[in-house]
Structures are given as structure tokens and as C-alpha cells.
There are 2 protein chains.
Amino acid sequence: MAVDKYPGTWPIPAGTRDLLPGEARRRRALENQMVTVFERWGYQEVATPTLEYFDTLAIDLGEEVGEELYRLLDRDGRLLVLRPDMTTPIARLVATRLRNQPLPLRLFYLANVFRYESPQAGRLREFGQAGVELIGSSGPEADAELIALAVEALRTAGLQEFQISLGEVQVINGLMEETNLPESVIRSLKRALTQKDLVGLEDLLLEHQVPLQKREMILGISNFQGGLEVIQEFRKLTANQRTIQALDYLEQVWSSLIKLGVDPFVRLDLGVLRGFEYYTGIVFEGYSSDLGFPLCGGGRYDNLLSKFGYPCPATGFAVGIERLLLALDNQNKKQ
Amino acid sequence: MAVDKYPGTWPIPAGTRDLLPGEARRRRALENQMVTVFERWGYQEVATPTLEYFDTLAIDLGEEVGEELYRLLDRDGRLLVLRPDMTTPIARLVATRLRNQPLPLRLFYLANVFRYESPQAGRLREFGQAGVELIGSSGPEADAELIALAVEALRTAGLQEFQISLGEVQVINGLMEETNLPESVIRSLKRALTQKDLVGLEDLLLEHQVPLQKREMILGISNFQGGLEVIQEFRKLTANQRTIQALDYLEQVWSSLIKLGVDPFVRLDLGVLRGFEYYTGIVFEGYSSDLGFPLCGGGRYDNLLSKFGYPCPATGFAVGIERLLLALDNQNKKQ
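As the structure is a prediction and not an experimental result, all values here were calculated from the model.

Chemist: Whenever I open this one, the overall build of chain A confuses me. Can you help?
Modeler: Tallying secondary structure elements over chain A gives 14 helices and twelve strands in all. Relative to the 2.2 N^0.38 estimate, which gives 20 Å for 335 residues, the radius of gyration of chain A is 20 Å and therefore close to what a compact globule would have. Overall, the C-alpha framework of chain A stretches about 65 × 50 × 45 Å when taken along its three principal axes. Residues counted as buried form 60% of the 335 residues belonging to chain A. Put simply, 70% of the contacts in chain A that link residues at least 6 apart link residues at least 24 apart. Accessible surface, chain A: about 13,500 Å² in total, of which carbon and sulfur atoms supply 48%. Distance between charge centres in chain A, computed from 36 positive and 45 negative side chains, equals 4 Å.

Chemist: I would appreciate a short explanation of helix 12 (residues 241-260) of chain A in the present structure.
Modeler: An α-helical turn contains 3.6 residues, so any two residues separated by three or four positions project in the same direction. Residue and element names in this part refer to chain A. Compared with the 28 Å implied by 1.5 Å per residue over 20 residues, the 29 Å span of helix 12 between its first and last C-alpha is a close match. Residue Asn240 occupies the N-cap position of helix 12, its side-chain oxygen lying 2.9 Å from the main-chain nitrogen of Arg242. One or two residues past the end of helix 12 sits Gly261, with phi positive at roughly 75°.

Chemist: What is the right way to look at the packing of aromatic side chains in this model?
Modeler: Aromatic rings in a pair are described by how distant their centres are and how their planes are angled relative to each other. One pass over the full model with this rule turns up 20 aromatic pairs over all chains. Between Phe38 of chain A and Phe108 of chain A, the ring centres sit 5.5 Å apart and the planes meet at 55°, which makes this aromatic pair tilted. Here the residue Phe38 of chain A occupies a position in helix 2 (residues 23-40), and Phe108 of chain A occupies one in strand 5 (residues 105-114), the gap between them amounting to 70 residues. Exposure class is identical for Phe38 of chain A and Phe108 of chain A. Each is buried. Taken together, Phe38, Phe108, Phe284 and Phe317 of chain A form an aromatic cluster joined through their ring pairs. Directly above the ring of Tyr53 of chain B sits Arg78 of chain B, whose terminal nitrogen or CZ lies 3.7 Å from the centroid.

Chemist: Can you walk me through the interface of chain B and chain A in this structure?
Modeler: Quoted interface sizes are often the accessible area lost when the parts come together. Opposite the 63 residues of chain B that make contact, chain A presents 63 residues. Where chain B abuts chain A, roughly 5,300 Å² becomes buried across the two surfaces, and 58% of that area is made up of carbon and sulfur atoms. In terms of surface lost to chain A, no three residues of chain B exceed Trp10, Arg28 and Arg75 of chain B, which account for 14% of the buried area on that side. Our enumeration of links across chain B and chain A arrives at six salt bridges. Between Arg28 of chain A and Glu45 of chain B there is a salt bridge, and its shortest N-O distance comes to 2.6 Å. It is helix 2 (residues 23-40) of chain B that provides the largest number of residues to the side of chain B that touches chain A, a total of six residues.

Chemist: Would you mind going over helix 5 (residues 87-97) of chain B with me for this structure?
Modeler: Most of helix 5 of chain B is tucked away: ten of the eleven residues are buried. All of the buried residues in helix 5 of chain B are Thr87, Thr88, Pro89, Ile90, Ala91, Arg92, Leu93, Val94, Ala95 and Thr96 of chain B.

Chemist: Teacher, can you tell me more about the sheet that holds strand 3 (residues 70-73) of chain B here?
Modeler: All names here are of chain B. Strand order across the open sheet formed by three strands is 2-4-3, with antiparallel pairing between neighbours. If you trace the sheet from one side to the other, it starts and ends with strand 2 (51-53) and strand 3, each paired once. This sheet shows a mean twist of 35° between the axes of neighbouring strands, independent of strand direction. By the bridge criterion, four bridges tie strand 3 to strand 4 (residues 79-82) in an arrangement that is antiparallel. Bridge pairing in strand 4 places Leu73 opposite Leu79.

Chemist: Is there a simple way to think about unusual backbone geometry in this case?
Modeler: Leaving glycine aside, a negative phi is the common case for residues, and trans is the common case for peptide bonds. All names here are of chain A. Looking along the chain, the bond that leaves Leu103 and enters Pro104 is cis, with omega of 0°. Here Pro104 shows up in the loop between helix 5 (87-97) and strand 5. Positive phi outside glycine occurs at Lys196, with the angle close to 55°. Along the chain, the position of Lys196 falls in the loop between helix 8 (183-194) and helix 9 (198-207).

Chemist: Mind showing me how you'd approach the environment of Thr179 of chain A here?
Modeler: All names here are of chain A. With respect to the helices and strands, Thr179 occurs in the loop between helix 7 (169-178) and helix 8. Residue classification places Thr179 among the buried positions, given a relative accessible area of 12%. Each C-alpha atom, one on Thr179 and one on Ser255, is 32 Å from the other, the two residues being 76 residues apart in sequence. Among the polar contacts listed, one links the side chain of Thr179 to the backbone oxygen of Met176, at a separation of 2.5 Å.

Chemist: Is there a simple way to think about the sheet that holds strand 11 (residues 296-300) of chain B in this case?
Modeler: The strands making up a sheet associate through backbone hydrogen bonding, with each pair oriented either parallel or antiparallel. Residues and elements named next belong to chain B. In spatial order, the strands read 1-5-6-12-11-10-7-9-8; together these nine strands make up an open sheet with mixed pairing. The sheet is open, and its two borders are formed by strand 1 (44-45) and strand 8 (225-226), each paired with just one other strand. Direction of pairing for strand 1 relative to strand 5 (residues 105-114): parallel, over a ladder of two bridges. Across the sheet, Glu45 pairs through a bridge with Phe108, a residue of strand 5. Strands in contact with helix 2 are strand 5, strand 6 (126-135) and strand 12 (314-320); relative to strand 5, the strand with the most contacts, it is inclined by about 160°.

Chemist: Help me out: how do you make sense of the relation of the copies chain B and chain A in this one?
Modeler: Superposing the two chain copies requires a rotation about an axis and a translation along that axis. Under the fitted operation, chain B is carried onto chain A by 0.0 Å of movement along the axis and a turn of 180°, and the coordinates agree to an RMSD of 0.0 Å. Overall, the copies show the geometry of a two-fold rotation axis. In terms of C-alpha distance to the rotation axis, chain B has Leu72 of chain B as its closest residue, with the C-alpha 2.8 Å off the axis.

Chemist: Got a minute to help me understand the pairing of strand 6 (residues 126-135) of chain A in this structure?
Modeler: Remark: a regular strand shows side chains that alternate across the two faces of the sheet. Residue and element names in this part refer to chain A. The element strand 6 is largely enclosed, with a buried count of ten among its ten residues. Neither face of strand 6 is left uncovered, since the one carrying Glu126, Gly128, Ala130, Val132 and Leu134 and the one carrying Phe127, Gln129, Gly131, Glu133 and Ile135 both have all their residues buried. Bridging between strand 5 and strand 6 involves ten bridges; their strand directions are antiparallel. Bridge pairing links Leu107 to Glu133 in strand 6. Relative to strand 12 (residues 314-320), strand 6 runs antiparallel, the two sharing seven bridges. Bridge pairing in strand 12 links Leu134 to Thr315.

Conventions and cut-offs
Residues numbered from 1 in each chain as written. Chains lettered and ligands numbered in written order. Predicted model: local features only at pLDDT ≥ 70, side-chain atom pairs only at ≥ 80, totals over all residues. Heavy atoms only, no water. Helix = DSSP H or I, 4+ residues; strand = E, 2+ residues; numbered from the N terminus. Rg over C-alpha atoms; globule rule 2.2 N^0.38 Å. Buried < 20%, exposed > 50% of the residue type's maximum accessible area, 1.4 Å probe, protein only. Contact = heavy atoms within 4.5 Å. Areas by Shrake-Rupley, 256 points an atom, 1.4 Å probe, with all protein chains shown as cover. Lys, Arg positive; Asp, Glu negative; His and termini not counted. Charge placed at Lys NZ, Arg CZ, Asp CG, Glu CD. Expected span 1.5 Å × (residues − 1). Polar contact = N/O pair within 3.5 Å; in protein donor to acceptor, adjacent residues only side chain to side chain. Phe/Tyr/Trp six-rings, centres within 6.5 Å; stacked < 30°, edge-to-face > 60°. Lys NZ or Arg CZ within 6 Å of the ring centre and 35° of its normal. Buried area = accessible area lost by both parts, 1.4 Å probe. Salt bridge = Lys/Arg side-chain N within 4 Å of Asp/Glu carboxyl O. Pairing = 2+ DSSP bridges. Axes fitted to C-alpha atoms, helices over the stretch in contact; angles between N-to-C directions. Least-squares fit on C-alpha atoms with pLDDT ≥ 70 in both.

Here's what the structure looks like:
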């Protein structure tokens, strides 16, 4: 077959994709499976505009995501962005148009989101998310419900080998507190940790003269992975109240996961941090054996809705549609 | 209930919408109906990126749509746009990645598109389209298939009273040819006709000293609405070969519509023109009794694919999802 010059002549933007017949059908089938699971668990679909005002989304963006925004000016000179996730738009929606509804609210969405990332393998600039938000429920049972629903979503899609890594951002916040460093430095430390950039993390800790023992705890946090014993071990190393409360909370979530029968799919990982700044409690990410990036992720964000004038606890997660399709491809190749 | 200040405090961009629980579900149900109809007729789903390079979309944009583009710069300084429709992206997709596939190709999509329109009633800046493209088939049977599929899509959605207005752009192009005016003036005339701006149209015709008889034909074209008799009447008024061939073609399409049993849903309307420049043959729009804008629209575009290096006839249409939901609402209110 002759080399075809046309795809190069009419390229599409880096990090975006066309879906051919068959590919689009398969994606729709997966999306429909997600809808079925979410509805069975009592979640209701909502949708929001692809474009939001920057002021709305800037309310609680992480530095990393902030840099990745697609921005454009509307004709009145106001800054618009292509939404980088659905959690903040849905918080806005709940705090404005659903604030008179009885709580808890169980909402789900299927939406494309946009981030100006370097288009490496699996790093798309436009990608689909199927996600849920449980709004108005605090406590470990609510968090465990979300994790169990994530497990169910991945299993319904047909994924057999995967694992949810579960952490709690206050474990790390407690450690950071102990360093007495200014907020801006702590943000840089967390960013390095989120990116698993241990060299950069160590450089920062040395530069800011964090004492050896604290330095080692921060650098070593990602080694605390496993079952409940991880929490027991970490307890021995710290007297920080914030960290200890977070460990207590993780134990309670773990008990709820056992009741729901999904603990075999979950592994504690005290080093889990995510790119969005809005997380306040547990955070989790789903991994399959041979994919180097999470298939799904989420956590608790109890302060986000209050920024829209509606103080209310919340927790949620999203599955990355393209990543899940890739994991299913890899699984099929092996079989 | 107290007046709620929050929706105003955290507005969404004009011409966009949130869908609440129930609304989103209803929309998804309608989309699934469209998928079912399109697949039953042998159409396969494809998808393209929300963002395209301006150079790709500019290949055959009408002036009106060109002004309505959402533009942004990517970080390499290239101009991107939010797609204003799916026909050009799918032409690009076919001409690049599907050019080795046997023809005809029957493709469908469900996608949101973006136009910077004045947000009057029903004029959204982001809206959903469910559409099909039949690529590689010329001739009246192919055009009639598309019209019949549009009828079937609206009926499947539950719409009872609607009408497809059917015209042929070459009827008007023939009349325009007779004026011997430069291309730029003809574009302005067509634009006024598309917008049904008869005052502006007459002003232009007078300004450019178009003789009375031709002026009256152009101004009066929208009065030629009805069954086959419309074609007979119009034949008496013109000797232009392009116009006459277009009238012949419309008669053939009409015969095919009768064979398919959908002629009761169709009305000839020689004044139909649409905003996109790429149409080369029949054009049609679907209207319900009490909605002032089309629910669906499409037509033949035999030159678009050749601009991507793959000469190939094509015809297609799209249903406006929000407009169809609105028409269904109106119908339910009356019953």
C-alpha cells in the first residue's frame, strides 16, 4: 500500500483523536455501561457547558492544572476556559441551581475535559471522563461507597486486574505542617510528590533545610503501601495530630470497604496526592498492571462547595474513558 | 421561596446551559434513539476532536459561520477553533484516515458544536447535533435516503407534526449567474436570502441595478413552496440551464421520496439556502409548527472532500438536539 500523505497534510491538534467506525461504537458501549452502573447505584446524570468562566474554575485549581488550561477570550473581553475537569463545574451547578434540593445528592456525568498536557503516551489533551459526585455526605461510609462504585465500574467494563491505591491528603498535610515552611514551598513540595519527582522533592527539602528525620518521612511516604499494617507502621513515626486523625479515618474507611467486600481491590498508599487543590480527605487512584498512569481517581473535597457559598461535604471520582479502553486492550492482547 | 442570589453570582457563559437531573437523562434517551435509528439504517459512528486547526475548517466555511467561530491560539502559535459543525471534520477524517475504505460510507455522529451567535431564544452557542453523512453516493436516491432518514429520526423521537422544506442551491445559483454580478456581491445576496432578510436583499439588488424581472425572481423565490407544481411554475420563468437542471434533479428526488413513502412530510421550497458554503445540490430543513428555526438541516456537498484531496460526492444532515427537545416540549404542552 502506498504511503498516504493526507493524514499529515490535514493534521489534528496534538493530543486529540479521531474515532473511526468500530472505535466510536466501542467507546459508546463502554459509556453506556458506566451509565447503567451509576444509575443502578442511584446516581442521576447532569451536564454543564464545555466553556466556563475562568473565575469560576480558578476558585480551587491546583497550580499544575492551572497551567494546563485552554484559555480564550469571549467577545466581551471575559476569560473563558475549556473545563479541565467536571468536579468544579458540578460544585458550581449544585451551589447555584440545586441548592434547594434535599441532600445527599448523587450525581454523575459523561464529559470531555481539556488539559494542555505534553502529549506523551496516554496523555491526551481532550479526553472523556465518566464520573460521580456524592454531595452532602461526610464520613467513611460515603467515601467507601465511592471506592466500591469505582471498583464496580471497572469490573463492569470487563477489567479483571486492577487495584485502587488509597491515601489521605491530611497525612501528608500533617507532615508538611511539621516542616514549618511557608505555604508556597509546601505547594512546591506537594507538586513534586504528586509528580513522583523524588529527586526534585529531595532537592527542595535540602534547600529549605528540613531536618533529616522529617525529610526521610516525606521522601519515604510512598513506601507505605499495603494493607492495614501500613497505618500501624506509620503511626509509630509521627505525633502530628492532623496526620494521626487522617490515619484513624483511613482505618474507618478500610472497615467500610471490608463490609462492602471490596477491600481485596484496594491497597493503602500514603503517598497518593492528586493534581487538584480541592481535595481535603481521602484520595484514591485506580491502576491496572501494565499502565503507567491511573485509570480513575478521586477523593473527598469538603471545602469546594463553600467557595460557591454552599458549605457542604462532598466526595467523587472519575474514570478516564480512553485510559480504561487502553487497559482493556492490553488485557485482551494478553489473553 | 427566597430569591436565590447564587445563579447570578456564578454565571455560565451566555448561550450555554446546565442540564439538571431529569433534563440530562431525557437528552441521553433522545440521543440513544438517534443512535438506534442511524445504526438500523446501516450508519456507523465516528468522532472527531472538539478543537480543529482553523486551516482545516476554513477550507469551505460560509461567511456567516466564519464570523461565528470560537478561536484560540495553541501554544505553538497555531490558530485553533471549536468546531462549528461536524461535516467538515468528517470530510477531513474520510479524506485522510478512511480513504482506502470501500464506498459508499455511511457515518453518523453525536457531537456538541460551537457558534458565537447572539443568544436569542433557541440560539445556543454550544449545542448538540445528531447527524449522518453518506459519502461516495451521488444521485437522487442517495439524497432521498437522507431525507427519509431525517423524517424517521424525527418520528422516532416522537415528533408528530413537522415538515421538511426541500430546495436546491443550484436553482438560486442559476438566478444569481444571470445577474452577472461579481462573486462578492452574490455572496452578500445569498447571505441576505439565507437570513430571510428581504429588505436587505432588495436594497442590494437595487444598488447593483439588477433588472426588474430578475430582481423579482430572486425576491420572490421563497414564495415557490408546495408540491411538484412549484417546479412546473418556476420552469416557466427561466431559461437558465443551471436552474433548469436543478429543477430536473429536484423532480427526481421527489420521485424517490414517493417511493420511500415520505413525500407527505416534504414540501418543496425553492428559497432554502443554508449558512455553510459547501452545499452544491439539494438542501433541506425540518420545521415543526411553532418553532421559528429549523430542527434539522442538511444537503449535498460534492466538492468538500476534493478540497481535502479526495474527490467524492457526499450528502448529509444533522438534527439539533436542543431544538428537537424544545419542539417535543411544545407538542407535549399542547396535548
